[in-house]
Amino acid sequence: GTKLTEASLCELFGVSRTIVRKALQRLAHENIVELRPNRGAVVASPSPKETSEVFTARRELERIVLPMAVANATKAQLGRLRQHIKQEHHALEVGDRPTWIHLTGEFHLILAEIAGNSVLSRFLSELVSRCSLIIALYGARNATLCDNDEHEQLVDFIAQKDSAAAMALMEQHLLHVERGLNL
């Protein structure tokens, strides 16, 4: 619900109104920002019902993506995932919540990239963005909704080519995140 004024964004980022308008339109397209006629832009505030719908869609999409990632993952990609988890841990350790939220979402996007389906990756990208907004809005400040240990276990299952275990853990993982929200 925070109001986003073009003038303040122009000043903050040192860009023109044209650039800010394009950015706001893109964020509105991704349901991160709401554009209100004659009132400007505000940060979206998803309802509990919409939150549930977003997480349901995300679980279903990740159920499709994950077996593809398991089948396609190379040692180099597994190394990239493990390095990414180290960055997540660091952000959490230093108390950088915005970076931590971003990195935990990005972990899932890397899995989609490994899966190798660009259309599914685009869909998941939108859902991850919306989930990140929801976590930023409704996640308890001190809570770690997206457990890095679960990410490590997922990488272990992917390395073992254990698609069933990875899928079961992903389902549990996303439910854990959703249930940890204070709606």
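Look a little higher up for the structure.
Nothing here was measured: the structure is a model prediction, and the numbers come from that model.

**Concerning the side chain of Arg-58**
Moving on, step 1. In this fold, Arg-58 is placed in helix α3 (residues 48–72).
Moving on, step 2. Ignoring sequence-local partners within four residues, the contact set of Arg-58 consists of His-108, Leu-124, Leu-127, Val-128, Cys-131 and Leu-174.

**Side note on the pattern of salt bridges**
Moving on, step 1. For the structure shown, the criterion picks out 13 salt bridges.
Moving on, step 2. Among the ionic pairs, Arg-59 bridges to Glu-171, the shortest N-O distance being 3.7 Å. Residue Arg-59 is found in helix α3, and its partner Glu-171 is found in helix α8 (residues 163–179); the two are separated by 112 residues along the sequence.
Moving on, step 3. Overall, the relative accessible area of 12% leaves Arg-59 in the buried class.
Moving on, step 4. Given a relative accessible area of 25%, Glu-171 falls into the partly exposed group.

**Observations concerning unusual backbone geometry**
Moving on, step 1. Of note, the phi angle at Asn-31 is positive, near 60°, even though the residue is not glycine.
Moving on, step 2. Its location among the elements puts Asn-31 in the loop between α2 (17–29) and β2 (33–36).
Moving on, step 3. Its identity as a non-glycine residue notwithstanding, Lys-161 has a phi of 60°, on the positive side.
Moving on, step 4. Inspection of the secondary structure assignment puts Lys-161 in the loop between α7 (148–159) and α8.

**So, the layout of surface pockets**
Any empty space left between atoms is shown by rolling a water-sized probe over those atoms.
Moving on, step 1. The volume enclosed by the largest pocket comes to roughly 400 Å³.
Moving on, step 2. Around the largest pocket, the lining comprises 16 residues; the ones closest to its centre are Ile-101, His-102, Ser-129, Ser-132 and Leu-133.
Moving on, step 3. With seven residues, the top contributor of residues to the lining of the largest pocket is helix α6 (residues 118–138).
Moving on, step 4. Residues of the lining of the largest pocket, tallied by class, amount to 10 nonpolar, five polar and one charged.
Moving on, step 5. Computed from the structure, the second largest pocket encloses a volume of approximately 200 Å³.
Moving on, step 6. Surrounding the second largest pocket, Leu-4, Leu-9, Phe-13, Val-15, Ile-19, Val-20, Ala-23, Leu-24, Leu-27, Ile-32, Val-33 and Val-43 form its lining.
Moving on, step 7. Of all elements in the fold, only α1 (6–13) and α2 reach the threshold of two or more residues within the lining of the second largest pocket.
Moving on, step 8. The biggest single contributor to the lining of the second largest pocket is α2, with five residues.

Cut-off values and rules
Residues numbered from 1 in each chain as written. Predicted model: local features only at pLDDT ≥ 70, side-chain atom pairs only at ≥ 80, totals over all residues. Heavy atoms only, no water. Helix = DSSP H or I, 4+ residues; strand = E, 2+ residues; numbered from the N terminus. Contact = heavy atoms within 4.5 Å. Salt bridge = Lys/Arg side-chain N within 4 Å of Asp/Glu carboxyl O. Buried < 20%, exposed > 50% of the residue type's maximum accessible area, 1.4 Å probe, protein only. 1 Å grid on protein atoms, 1.4 Å probe; cavity = no way out; pocket = protein on both sides within 12 Å on 5 of 7 lines; lining within 4 Å. Points joined across faces, edges and corners; volume = space filled by probe spheres on them. Nonpolar A, V, L, I, M, F, W, Y, C, P; charged D, E, K, R; others polar.

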